[in-house]
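One letter stands for each residue in the lines below.
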Amino acid sequence: MKDYFRPDLAGKQPSEINVPVRKHMLCLNESCLDPYQAIKADFLQRMESIRLNRYLSPVTEELHTRLAAYAGLDKARIVWGNGADDLLYHIFLAVRWDDNAFAVSLAPSYFDYKTFCGMVGLKIRFVDLQEDLSFDTREYLRLASDPDCRLAILCNPNNPTGNLFSPEQLSLIVETLPDKLVLIDETYHEFSGATFASELDLHPNLILIRSFSKAFSGAGLRFGYALSREENIHSLRKVLTTFHTSILNQAFALTILENSTLFQAHVRDVISMRDSMQGRLQELPGVRVFPSHTNFLTFSVGDDTAALFEHLKDHEVAVRDVRAHPLLRDCLRLTIGCEEDNRAFMSALETFLTNRQQA
């Protein structure tokens with residue numbers, strides 16, 4: 001049968017999420033706060049004046065103004081899309097000059113950098129994190145300085161390790177690569193308090209990615225945005241379709257921003273639960289947990305990690321298996337959920353550890 005598509009697609013598989021589905025979903029770094037229930041009255045009131053039979057709506061300008069105020073930047077320096085993933089995909093598409101072009105990322109880092117690069121035909125190379133979760137700046141710059149490198153990616157805080165990299169190290173990379181676009185993924189910045197937004201005026205090659213999926217509880221909403229210089233945003237918009245994000249999504253995102261204090265309070269609660277959970281895990285014998293500046297914790301029980309993963313599933317708790325990279329060869333990633341979810345996880349974990357000691 002004739003193949004009508006790019007030859008490199010023949011060896012690829014469609015993007016699919018492969019996680020266990022259980023009562024307590026602690027595997028996808030989602031929020032347990034349902035934003036619709038939290039802001040339903042305000043959202044439905046707004047929808048009374050919105051016409052979904054029209055392409056254009058005043059809500060677009062309202063959202064642009066409100067989002068710019070939240071980010072502290074001019075509107076011309078912001079573009080949004082259907083989740084941070086959508087913007088990553090289109091950035092990768094926009095920097096793919098030819099078949100030799102590649103991006104550089106750290107490893108382990110966000111799983112789908114590789115996925116989206118493959119979708120658009122952009123190659124990707126990796127610099128492995130070291131045991132202490134730092135990375136070799138010289139090696140990173142060596143790879144990124146290659147003439148065929150078109151994009152340098154840094155996830156900060158990093159997913160799935162949860163750590164922050166030093167501002168000095170990231171600044172050095174941005175400053176040393178003035179001819180490369182440097183993308184800092186700030187999906188979890190509301191949990192860490194770390195951002196390079198104040199550096200955008202200093203570095204024309206810098207672009208930041210953010211999401212409503214984590215701090216704003218909107219994983220299913222699919223809304224994310226990019227921040228950069230005006231010229232970069234203008235160029236990125238050239239690969240986006242005209243009516244790229246639905247009016248319905250825009251209306252909900254605007255209502256979230258108008259109720260931002262509610263979500264900021266929830267972020268503080270999650271941080272408190274995360275720190276409490278980290279402390280409890282550190283006290284358990286045989287458990288190693290990584291410090292985190294996100295809404296998740298990555299942890300290990302050594303050689304028994306695979307058995308724990310199955311045990312948790314049997315007890316209706318789904319966590320993320322992140323053992324693919326050698327640095328995390330015995331690790332799982334736990335989303336901080338609501339109190340009920342966290343209790344279910346701890347109960348199942350303690351049962352597992354007790355049974356292991358008695359075996």
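None of the values given here were measured: they were computed from a predicted structure. (Residues numbered from 1 in each chain as written. Predicted model: local features only at pLDDT ≥ 70, side-chain atom pairs only at ≥ 80, totals over all residues. Heavy atoms only, no water.)

Participant: How do you make sense of the sheet that holds strand β6 (residues 181-185) when you look at a structure like this?
Facilitator: The strands making up a sheet are joined through hydrogen bonds of the backbone, oriented either antiparallel or parallel. Reading across the sheet, the 7 strands line up as β2-β8-β7-β6-β5-β3-β4 and stay open at both edges, with mixed pairing between neighbours. Across the chains shown, the open sheet's two edge strands, defined by having one partner strand only, are β2 (78-81) and β4 (123-128). Ignoring which end each strand starts from, the neighbouring axes of this sheet average 25° apart. With 4 bridges connecting them, β6 and strand β7 (residues 206-211) associate as parallel partners. Among the inter-strand pairings, Ile184 is bridged to a residue of β7, identified as Leu208. Against the sheet, helix α3 (residues 84-95) touches β2, β5 (149-155), β6, β7 and β8 (224-228), its axis set at about 155° to β7. (Pairing = 2+ DSSP bridges. Helix = DSSP H or I, 4+ residues; strand = E, 2+ residues; numbered from the N terminus. Axes fitted to C-alpha atoms, helices over the stretch in contact; angles between N-to-C directions. Contact = heavy atoms within 4.5 Å.)

Participant: Sorry if this is basic, but what is going on with the side chain of Thr255 here?
Facilitator: Inspection of the secondary structure assignment puts Thr255 in helix α9 (residues 247-258). Not counting residues within four places of it along the chain, the set of residues in contact with Thr255 comprises Ile39, Asp42, Phe43 and Arg46.

Participant: Looking at this structure, how should I read the pairing of β2?
Facilitator: Each regular strand carries side chains that alternate between the two faces of the sheet. The two faces of β2 match: Ile78 and Trp80 on one face and Val79 and Gly81 on the other face are all buried. Sheet topology note: the β2/β8 ladder contains 4 bridges and is antiparallel. Bridging from a neighbouring strand, Val79 pairs with Ala226 of β8. (Buried < 20%, exposed > 50% of the residue type's maximum accessible area, 1.4 Å probe, protein only.)

Participant: What's the story with the state of the cysteines in this structure? I'm lost.
Facilitator: Each disulfide consists of one covalent bond between the sulfur atoms belonging to two cysteines. Evaluated as defined, the whole model comprises 1 disulfide. Each sulfur in the disulfide pair Cys32 and Cys338 lies 1.7 Å from the other. What sets the handedness of the Cys32 and Cys338 disulfide is the S-S torsion sign, and at about 95° it is right-handed. Placement of the pair is Cys32 in the loop between β1 (24-25) and α1 (35-47) and Cys338 in the loop between β13 (331-335) and α12 (339-358), with a sequence separation of 306 residues. Here Cys32 falls in the partly exposed class, since its relative accessible area comes to 29%. Left unpaired, Cys117 is separated from the closest cysteine sulfur, that of Cys149, by 10 Å. This cysteine, Cys331, is not joined by any disulfide, and Cys155 carries the nearest cysteine sulfur, 17 Å off. (Disulfide = S-S within 2.5 Å.)

Participant: What exactly am I supposed to notice about empty space enclosed by the protein here?
Facilitator: A water-sized probe rolled over the atoms picks out the places where empty space is left. Per the counting criterion, the structure on display carries 1 cavity of 30 Å³ or more. Each pocket or cavity is described by its volume, and for the largest cavity that value is around 50 Å³. In this structure, the largest cavity is lined by Ser31, Cys32, Phe191, Lys214, Ala215, His266, Val267, Val270, Asn295 and Ile336. With 3 residues, helix α10 (residues 260-283) is the largest single contributor of residues to the lining of the largest cavity. Across the lining of the largest cavity, the residue classes tally to 6 nonpolar, 3 polar and 1 charged. (1 Å grid on protein atoms, 1.4 Å probe; cavity = no way out; pocket = protein on both sides within 12 Å on 5 of 7 lines; lining within 4 Å. Points joined across faces, edges and corners; volume = space filled by probe spheres on them. Nonpolar A, V, L, I, M, F, W, Y, C, P; charged D, E, K, R; others polar.)

Participant: Sorry, what's going on with the nonpolar core here?
Facilitator: Ranked by size, the top nonpolar core spans 57 residues in total, and within it Tyr140, Leu154 and Phe212 carry the most contacts. The greatest single-element share of this core, amounting to 7 residues, is contributed by α9. If sequence neighbours within four positions are ignored, Leu154 has contacts with Leu106, Phe135, Tyr140, Leu170, Ile173, Val182, Leu183, Ile184 and Asp185. Leu281, Val317, Ile336 and Leu349 belong to the second-largest nonpolar core, a separate cluster that totals 31 residues. (Core = buried A, V, L, I, M, F, W, Y, C linked by side-chain atoms within 4.5 Å.)

Participant: Explain the pairing of β5 here, please?
Facilitator: Of all the 7 residues making up β5, 6 are buried; the element is thus mostly covered by neighbouring parts of the structure. Bridge count for strand β3 (residues 102-107) against β5 is 3 bridges, and the pairing is parallel. Opposite Ala103, over in β5, you have Leu151 as the bridge partner. Direction of pairing for β5 relative to β6: parallel, over a ladder of 5 bridges. Bridge pairing in β6 places Ala152 opposite Val182. For the handedness criterion, the β-α-β arrangement of β5, helix α6 (residues 167-176) and β6 is classed as right-handed. (Right-handed = clockwise from strand over helix to strand, strands pointing away.)

Participant: Please clarify how the layout of surface pockets should be interpreted in this entry.
Facilitator: When its volume is computed, the second largest pocket comes out at roughly 630 Å³. The wall of the second largest pocket is formed by 23 residues, among which Thr60, Trp80, Arg237, Thr242 and His244 lie closest to the centre. Breaking the lining of the second largest pocket down by element, the ones donating at least two residues are α2 (58-71), β2, α8 (230-237) and α9. For the lining of the second largest pocket, the element with the most residues is α8, which contributes 4 residues. Across the lining of the second largest pocket, the residue classes break down as 10 nonpolar, 10 polar and 3 charged.

Participant: What is the right way to read the packing of aromatic side chains from this model?
Facilitator: Working definition: an aromatic ring pair is given by the centre-to-centre distance plus the angle between the planes. Within this structure, the stated rule accounts for 14 aromatic pairs. Judged by centre distance (5.2 Å) and plane angle (90°), the ring pair of Phe135 and Phe165 falls under edge-to-face. Residue Phe135 is found in the loop between β4 and α5 (137-144), and its partner Phe165 is found in the loop between β5 and α6; the two are separated by 30 residues along the sequence. Each member of the pair, Phe135 together with Phe165, is buried. Consider the rings of Phe212 and Phe223, whose centres lie 4.8 Å apart with planes at 65°: the pair is edge-to-face. With Phe212 in the loop between β7 and β8 and Phe223 in the loop between β7 and β8, this pair connects stretches of sequence that are 11 residues apart. On the accessibility criterion, Phe212 (0% relative accessible area) is buried. The class of Phe223 is buried, set by a relative accessible area of 0%. Aromatic rings pair up to connect Tyr70, Trp80, Phe212, Phe216, Phe223, Tyr225 and Phe263 into one cluster. Sitting over the face of the ring of Phe102, Arg125 holds its NZ or CZ atom 3.9 Å from the ring centroid. Across the ring face of Phe296, the terminal group of Arg333 is positioned such that the distance to the ring centre comes to 5.5 Å. (Phe/Tyr/Trp six-rings, centres within 6.5 Å; stacked < 30°, edge-to-face > 60°. Lys NZ or Arg CZ within 6 Å of the ring centre and 35° of its normal.)

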